[in-house]
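Residue-level listing of the chains:
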2 protein chains.
Amino acid sequence: MATRLGALRAKLVSVNGYSELGSSVAEFSEADQQRCCCSCRVICDKITSTTRRLVYVFDEAVRMGKSDPRKIVFAAKMGLALIVISLLIFLKEPVIELNRYYVWAILTVVVVFEFSIGATLSKGLNRGLGTLSAGGLALAMAELSELAREWDEVLIVTSIFIIGFLASYAKLYPTMKPYEYGFRVFLLTYCNVMVSGYRTREFIHTAVSRFWLIALGAGVGLVVNICIYPIWAGEDLHNLVAKNFRNVATSLEGCIKSYLSCTEIKRVPSKILTYQAADDPVYSGYRSAIESKSQEDALMGFAVWEPPHGPYKSFKYPWKNYVNLSGALRHCAFIAISLHGCILSEIQAPEDQRELFRHELQRVGIEGAKVLRELANKVKRMEKLGPVDILYEVHKAAEELLSKVDRKSYVLVNAESWEIGTREKVQGEPQELLNFVDEENKVLEYKSRSEAALDLRSVRTDFGVKSRLVSDVPSENKIQMSWPARISCDNNAMPQLKTSKTYESASALSLATFASLLIEFVARLQNVVNAFEELSEKANFKEPDGQSAEEAAQPTGLWRWLNVWSKAEASS
Amino acid sequence: MATRLGALRAKLVSVNGYSELGSSVAEFSEADQQRCCCSCRVICDKITSTTRRLVYVFDEAVRMGKSDPRKIVFAAKMGLALIVISLLIFLKEPVIELNRYYVWAILTVVVVFEFSIGATLSKGLNRGLGTLSAGGLALAMAELSELAREWDEVLIVTSIFIIGFLASYAKLYPTMKPYEYGFRVFLLTYCNVMVSGYRTREFIHTAVSRFWLIALGAGVGLVVNICIYPIWAGEDLHNLVAKNFRNVATSLEGCIKSYLSCTEIKRVPSKILTYQAADDPVYSGYRSAIESKSQEDALMGFAVWEPPHGPYKSFKYPWKNYVNLSGALRHCAFIAISLHGCILSEIQAPEDQRELFRHELQRVGIEGAKVLRELANKVKRMEKLGPVDILYEVHKAAEELLSKVDRKSYVLVNAESWEIGTREKVQGEPQELLNFVDEENKVLEYKSRSEAALDLRSVRTDFGVKSRLVSDVPSENKIQMSWPARISCDNNAMPQLKTSKTYESASALSLATFASLLIEFVARLQNVVNAFEELSEKANFKEPDGQSAEEAAQPTGLWRWLNVWSKAEASS
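These numbers come from a predicted model, not from an experiment.

Considerations on the pattern of salt bridges
Point 1. Throughout the structure, instances matching the rule amount to 42 salt bridges over all chains.
Point 2. As a salt-bridge pair, Glu114 of chain B and Arg184 of chain A come within 2.9 Å of each other at their nearest N and O atoms. Remark: Arg184 of chain A occurs in helix α7 (residues 180-200) and Glu114 of chain B occurs in the loop between α4 (102-112) and α5 (117-148); the pair is interchain, linking two chains.
Point 3. Accessibility expressed as a relative area gives 17% for Glu114 of chain B, which makes it buried.

Overview of the environment of Leu260 of chain B
Residue and element names in this part refer to chain B.
Point 1. Examined against the element boundaries, Leu260 turns out to sit in helix α9 (residues 233-260).
Point 2. Each C-alpha atom, one on Leu260 and one on Arg358, is 6.5 Å from the other, the two residues being 98 residues apart in sequence.
Point 3. Look past the residues within four positions of Leu260 in its chain and what remains in contact with it is Arg354, Arg358, Leu361 and Gln362.

Quick word on the state of the cysteines
Point 1. Enumeration over the complete set of coordinates arrives at 0 disulfides over all chains.
Point 2. Cysteine Cys255 of chain A is unpaired, with the sulfur of Cys342 of chain A as its nearest cysteine sulfur at 8.7 Å.
Point 3. Given the relative accessible area of 0%, Cys255 of chain A is considered buried.
Point 4. Cys44 of chain B takes part in no disulfide bond, and the closest cysteine sulfur to it belongs to Cys40 of chain B, at a distance of 6.4 Å.

Looking at helix α15 (residues 392-407) of chain B
Point 1. With 16 residues, α15 of chain B should reach 22 Å at 1.5 Å per residue; the first-to-last C-alpha distance of 22 Å fits that figure.
Point 2. Turning to α15 of chain B, its buried residues number three or more, namely Val394, His395, Ala397, Ala398, Leu401, Leu402, Ser403, Lys404, Val405 and Asp406 of chain B.

Some points on the confidence of the model for chain A
Residues and elements named next belong to chain A.
Point 1. For chain A, per-residue confidence averages 74 on the pLDDT scale, and residues scoring 70 or more make up 69% of the total.
Point 2. Confidence over residues 421-497 falls short of pLDDT 50; this stretch has 101 contacts with residues more than four positions distant or in other chains.
Point 3. Under a pLDDT of 50 for its full length, residues 547-567 has, in the predicted model, 24 contacts with residues more than four places off or in other chains.
Point 4. Both scores are given for the predicted complex: the pTM is 0.73, the ipTM 0.71.

So, how was this worked out
- Residues numbered from 1 in each chain as written.
- Chains lettered and ligands numbered in written order.
- Predicted model: local features only at pLDDT ≥ 70, side-chain atom pairs only at ≥ 80, totals over all residues.
- Heavy atoms only, no water.
- Salt bridge = Lys/Arg side-chain N within 4 Å of Asp/Glu carboxyl O.
- Helix = DSSP H or I, 4+ residues; strand = E, 2+ residues; numbered from the N terminus.
- Buried < 20%, exposed > 50% of the residue type's maximum accessible area, 1.4 Å probe, protein only.
- Contact = heavy atoms within 4.5 Å.
- Disulfide = S-S within 2.5 Å.
- Expected span 1.5 Å × (residues − 1).
- pLDDT = per-residue confidence, 0-100.

Written out as structure tokens, the structure reads:
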């Protein structure tokens, strides 16, 4: 910015130097010198910033390669496939007749070569089917147009319109989305064969040579992509599901931790309020589990095309169940959102209350996260559940929390505002009235005693502190916090007192909400376990035997097979 | 199935007929007759089922066209563009030199022609930039290869590998995703120019003619797509955001309604438990708002490419703010998920309690939904908020609910299990003990009085009914409900009683949770209103004047302009 301003100033100075013709030579040369010096500096700055940007790009590229080396492998494979297809075209002699159409081979390699095997196969099949069916249709239409004689141009143009209309309309149908590419290829092939055939009257030659070159390109793409370090969409899906489990576990732990540490959320990041990506690990944990839905669907769409490989040994492998399992987990993650909402909320339970339930809340959190991490490991290792009930501990912890909430529920309510007294006073008989007032006094005395045991006055002070803290926050960061402030401004003194009491009571209920949500979280875990059991049955997960099977989930391919084979050869 | 079995049986019979050579002619002809009859029936069945399927496909196509006529227009436009480009190719004379490359023009039309203008422009630009830069690079490399003489093949192959590697690697970088297509075209053009140039030594001719034909195809595609009934991604985004508001409002109302009507959820659909699409309007309402995230991002990615049009009059129109507004709404929708979770949960508040808070809960629900619908209309009509505080009523309703919860919080707790008495008994001084016991009796008396007022016994019965109902449900449909059943089986009589009391208390707290969540929903509305205000400022929404402006949001295009112009001509 500073350098830009400098350059602008220099420009203005130089303009002045030229326009004021009456100025002395000394002034002129000074301005000239300054301009020269400035433009040098500008060039230097530009070079520096460009270098810096290049270094940044390079760093980012290295970082991406380190975090996922498969990306480097994929790029190298793409380069290799292009070399192979170029070399085939360089061999002029055997394919001399096809030279007009060699572009289709390159095009097919570029288009079909996708990151995962499933995507490559699916695109390849789409392309193959599209080309074949369009080629057949175009040949039939060409025969028809020969019969039509002088009306052939009209027939061809009309057929192009009709086919263009039907294919474009069909691909907009929601269930046709995976075949969108096929429709495109169909359209392209049809138009190409019709137009080219019309020009050269070699319909069949065009269609056949186009088909062979596409087959050549697809063959090269498939062989290079599948045989050299294949990247499987199914494996990605598998790992993604396991990762989601870990993320939700982190979120759950983080929620409990920051709830119990009574972290003062002075600023609710506006990114969280508008559901954008943010750095908060609690938030990004459940967000990634919820957001991964579309990625999972895409991966499943590709995984179903992949042949049995590595640990996924059966045809019709139950990829759908992986997505279901992740869906069940998402059902839990929604509770994590609400738990996080309790932390971000303006209505907060007082610190003493949280302290009172610390042990129980913590235990449910720890046990819940443990279950999720255990399931993540089971998914990763492809292992069935053992004979021990995985949910036993977390259920016990939840029961303890429930019974503690039950026994201590008097701290969750604000008995001062109970209206039973008032109602009784109105409805009660005169002779009962005195007794009742006496009783009420005793109840109040009793309440004050229980308050003393729990030091509810300090609770109230705490709440006051919280509201004071909130009002210190600058306005742009407390978007969600403006409501009570507005109320207390709108109303006069008496209702203000009442409102503050009401909020106090709401703040106490906030803990009940948090506990209820946590219990609901635990209840939903059953559903996750059921989904896992269904998956482990259908996918034939192995029985748990304590052995690590992480090696079994490693990628396989011709390279690896060769390795294994050469080792076997060497040992025999 | 029956016919297939019939056919199978017929086949078996016929095989027997042939193999048993000793059988009589009469038997043989009978089997033959039967086979003939059966195969006729099979053919008839096949024709019927094919016809039925065709009718179904046709019906679906008509239904899709009726629900969104723009799809028909798009398909017709695609057909038109293909006709135009074919006719241009039929005019042999002026473009005779380009005939080898005409396929690029068709390819460009097919590839660039997308549903919305933004997508078309973005793809067109990607294609243009990719072709230009790759063409330039390829020409430079061709000059280099001329200098390399006998090493030219090595140089070309090496350059293809390096470019292939770099382009494939770069397109995997997350922020490069919108330009993925550009990288593909870059790669394709580079390889094509290099290979074709090497064969014919006409690098420049290849690059230039390819460029002109791509420009021709892109020109035809853009002119047809933009000038005839354009379909704007921005408008889709606008409508999607308004629709999301209505969906969340429907969900909120539905939640409150089914909570108050105490609908017995005997079967939690497994689709909801695994977060798949389901028919439940409450569920599909918030789900669509949450799921639309990726669609919004995609539409925003296209909308930023679109020129000012219709009511979106400024360059750099704040499409990002539409997405932010929808994100803020999503933050509310997460609460709707939790509210729905309360309804689906196994722990349910007794009917009497819900009845007690019916009026307040209902009012918050109605007012909340009204705010959401009002915002939907404001977004749709592109109108600013009026001087009246849109949240006033819903805040008032929430305050009423809060204060009612505060006054009646004794119904939310289970005072029988309070442990204050026990603790006091242990810690208390002997002379205090008697007083305390006396007090406790009175408290219990007091409690029983309040119970009488609310008829808590019936509440308890209700809970019992609920659990009985739950245990009637077949096991596959109560996945989430197995936990308490397990506990009551595991434990013996005494703890079972305790557990049942604990659940009773949890069921009472469930209402507190529901109310708290509802209040949090209201608190988050402020955030939505803020996001709306920011959008309405940045997008220059008009001041509210009571006039409907729905016409302003109608699609525009050359067609419409011509209409308006012709009307103006006619009237002058």
